[in-house]
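Chain by chain, the residues:
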2 protein chains.
Amino acid sequence: MTLTKAIKLAGLGVALATLTAADTPALSPQEIVDAAPASAWKDIPPEDMVVIRFKDGTSSVLQLAPEFAPVHVANIKTLVKTGWLNSAALIRVQDNYVTQWGYPDAEEAPLPAGVIKTPPAEYEHTPSKNFKPLKYKDSFAAKVGHVASWPVATDGQSQWLTHCYGMIGVARDVAPDTGSGSQLYTVIGQAPRALDRNVTLVGRVIAGMENLSARPRGTEDLGFYKTPPEGGRFTSVTLASDLPEAERPKFQVMDTDSATFADWVKARANRSGTFFVKSAGAIDICNATAPIRKVP
Amino acid sequence: MTLTKAIKLAGLGVALATLTAADTPALSPQEIVDAAPASAWKDIPPEDMVVIRFKDGTSSVLQLAPEFAPVHVANIKTLVKTGWLNSAALIRVQDNYVTQWGYPDAEEAPLPAGVIKTPPAEYEHTPSKNFKPLKYKDSFAAKVGHVASWPVATDGQSQWLTHCYGMIGVARDVAPDTGSGSQLYTVIGQAPRALDRNVTLVGRVIAGMENLSARPRGTEDLGFYKTPPEGGRFTSVTLASDLPEAERPKFQVMDTDSATFADWVKARANRSGTFFVKSAGAIDICNATAPIRKVP
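The model shown is predicted, which means the values in this text are computed figures rather than measured ones. (Residues numbered from 1 in each chain as written. Chains lettered and ligands numbered in written order. Predicted model: local features only at pLDDT ≥ 70, side-chain atom pairs only at ≥ 80, totals over all residues. Heavy atoms only, no water.)

Chemist: Would you mind going over the domain arrangement of chain A in detail, with residue names and values included?
Modeler: It is common to give the size of an interface as the accessible area lost on bringing the parts into contact. Residue and element names in this part refer to chain A. Domain annotation of chain A identifies domain 1 (26-43 + 252-296) and domain 2 (44-119 + 160-243). Across the contact, 8 residues belong to domain 1 and 9 residues belong to domain 2. Buried area between domain 1 and domain 2, summed over both chains or domains, comes out near 620 Å², and the portion from carbon and sulfur atoms is 71%. The largest share of the area that domain 1 buries against domain 2 comes from D43, C286 and I292, three residues that together contribute 61% of it. (Domains from an automatic or database assignment. Contact = heavy atoms within 4.5 Å. Buried area = accessible area lost by both parts, 1.4 Å probe.)

Chemist: How would you sum up the state of the cysteines? Please name residues and give values.
Modeler: All names here are of chain A. All chains considered together, the criterion is met by 2 disulfides over all chains. Here C164 is linked by a disulfide to C286, with a sulfur-sulfur distance of 2.0 Å. Every disulfide takes its handedness from the sign of the S-S torsion; for C164 and C286 that torsion is -75°, giving left-handed. Of this pair, C164 sits in the loop between β9 (159-161) and β10 (167-170) while C286 sits in the loop between α5 (259-269) and β15 (292-294), and the two are 122 residues apart along the sequence. The class of C164 is buried, set by a relative accessible area of 1%. The class for C286 is buried, based on a relative accessible area of 5%. (Disulfide = S-S within 2.5 Å. Helix = DSSP H or I, 4+ residues; strand = E, 2+ residues; numbered from the N terminus. Buried < 20%, exposed > 50% of the residue type's maximum accessible area, 1.4 Å probe, protein only.)

Chemist: Account for the interface of chain B and chain A, with residues named and values stated.
Modeler: Chain B puts 68 residues into the contact, and the matching count from chain A is 68 residues. A salt bridge links E124 of chain B to K278 of chain A; the shortest N-O distance between them is 2.8 Å. Inspection of the region where chain B meets chain A yields 26 residue pairs in polar contact (both at pLDDT 80 or more). When contributions to the side of chain B that touches chain A are tallied by element, the ones reaching two or more residues are α1 (7-19), β4 (89-94), β5 (98-102) and α4 (210-213) of chain B. Tallied by class, the residues present in the side of chain B that touches chain A amount to 34 nonpolar, 16 polar and 18 charged. (Salt bridge = Lys/Arg side-chain N within 4 Å of Asp/Glu carboxyl O. Polar contact = N/O pair within 3.5 Å; in protein donor to acceptor, adjacent residues only side chain to side chain. Nonpolar A, V, L, I, M, F, W, Y, C, P; charged D, E, K, R; others polar.)

Chemist: Quick rundown of helix α3 (residues 70-81) of chain A? Include the residues and the values.
Modeler: All names here are of chain A. Compared with the 16 Å implied by 1.5 Å per residue over 12 residues, the 16 Å span of α3 between its first and last C-alpha is a close match. Among the residues of α3, H72, V73, N75, I76, K77, L79 and V80 are the ones counted as buried. On its buried face, α3 sits against β2 (49-54), β3 (59-64), β10, β11 (184-187), β12 (201-207) and β13 (234-239). Just downstream of α3, G83 is the residue with a positive phi angle, here 80°. (Expected span 1.5 Å × (residues − 1).)

Chemist: Please provide a residue-by-residue account of the pairing of strand β7 (residues 143-147) of chain B, values included.
Modeler: All names here are of chain B. In terms of burial, β7 is largely enclosed, as 4 of its 5 residues are buried. Relative to β7, strand β6 (residues 132-133) is paired through 2 bridges, and the arrangement is antiparallel. Paired with K132 across the two strands is H146, which belongs to β7. As defined by bridge partners, β7 adjoins strand β8 (residues 150-154) across 5 bridges and the pair is classed as antiparallel. When the bridges of β8 are listed, G145 appears paired with V152. (Pairing = 2+ DSSP bridges.)

Chemist: Break down the sheet that holds strand β7 (residues 143-147) of chain A for me, citing the residues and quoting the values.
Modeler: What the 4 strands build is an open sheet, ordered β6-β7-β8-β9 (chain A); its pairing is antiparallel. Each edge of the open sheet is held by one strand with a lone partner, namely β6 (132-133) and β9 of chain A.

Chemist: I'd like a rundown of the relation of the copies chain B and chain A, residues and numbers included.
Modeler: With an axial shift of 0.0 Å and an RMSD of 0.0 Å, the rotation relating chain B to chain A amounts to 180°. Both copies are brought into coincidence by an operation consistent with a two-fold rotation axis. The residues that chain B uses at the interface reappear at the interface of chain A in 100% of cases, marking a shared surface. (Least-squares fit on C-alpha atoms with pLDDT ≥ 70 in both.)

Chemist: So what's going on with a positive patch on the surface? Residues and values would help.
Modeler: A cluster of basic residues, K137 and K143 of chain A together with K137 and K143 of chain B, forms a positive patch on the protein surface. Tracing the sequence through the fold places K143 of chain B in strand β7. Judged by relative accessible area, which is 36%, K143 of chain B ranks as partly exposed. (Patch = residues over 30% accessible without salt bridge, like charges linked within 9 Å, V, L, I, M, F, W, Y side chains within 5 Å. Areas by Shrake-Rupley, 256 points an atom, 1.4 Å probe, with all protein chains shown as cover. Lys, Arg positive; Asp, Glu negative; His and termini not counted. Charge placed at Lys NZ, Arg CZ, Asp CG, Glu CD.)

As structure tokens, then:
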């Protein structure tokens, strides 16, 4: 994560960080991830992973969060399993805000049977007893931390997922509409936390984020595309569990209840080594989202 | 900023927000910007604006902050005026972190006369008496707010610019090197505030941010390009003040000491209207960066 001037020097920086005897720094966040024991990782269930393949040959993998938005996630799984989403495309990219996908034309195909058109608002939840708070301040909430490897905020009465980079939400019209899940967006800039508790968050992007964040920005109001670029049209949207075993993506998320995750957060909040002059001694929830890795 | 499902509905949403008599909401942040009096805007000096033209025909405009980093900014202006930067290119794009530019080859051309190779660290400053604090918590600092339309944080003893989306910093090797300004980066993701007080921030991107943030991500360590894409090579880097009057970009930034800016921050922190169900009642510094506009 250094801003070193050339890749060779970046390598050198790392070497120094591990070898300098005089001032041996603590392990870096990346070194902690690299050294994490298998027990610190949790497999992401294939039935919660959605693989989007784009017309330009790239792909992205999403992880759904049924424990936080059961009705919306059930809708999304139905939209995936019925092939309804295969005709979707990236329709909006607003810089420092969101990339949004759905039917490229004003008129969507009729929603398949089993999709609830107006689900309940799944914005807030009863606080989980498994909430692991960060010990640092948050600009928006009384407390922030993690529940089952997801970033959450709480005011004591309720708990909600936070709009961090890569989190996925359900686009909707004005309240009380909550969105069916036929249009989703992901955050591609500074966390728009003002949306917390106003939109249903249903998951996060776990791979191919660059295939959503680095798309051309839309030129219409709110970053909508006048005409969605061909490359951003979907060719298939599939649950990993419906792919042949050999084609299934296999990912793990760090267990936010593990000692390794606590060490990683501490290292991220207290940067040391040869690059950092001054440690922040703090971190915000969206710089402390759980590491994800391919199953080795 | 709504996540409305289609642009037609987005338009409708805005219409409702202004016309609904029953529940007439306060002005939206955008409506406050649109209605801002001329006195709420400050011209950005042409001698502080840098125009980067890329080989693919796109361009970006940067605003330098000589009041915060005089030595580094003087270096950068010399690198621009001597044409040294005309041979630079985008060399690194790391998703949710930074886009960095400099010489695409390991060896830079010799720095021109007048460029200080190792400037003093311009990381922190004596607190300004013109500091306008936000009344909300910050995860990283005792207080955050604005000084002369720039986002800053303070611990009471010193004050520093914050690493918000679009802010520009000076890439450097390991301390005590501070970087000459020959390589710069801009933030393209969640604010990496851990870098605050560890790097010299020298300005911000005020136009063409998408020509820096939407570039292909680099495939090497830290997001460096193996071979910088041709389109991201610079064709010219010029101070606006050195362009013919007719070609000069003309931009204004909202005066963060103005009543309009206070209203805008309040509206951003307390979203209302037909889309928002629950107002955060708070905002973080990187969601409260001063609006910028082309001179009308």
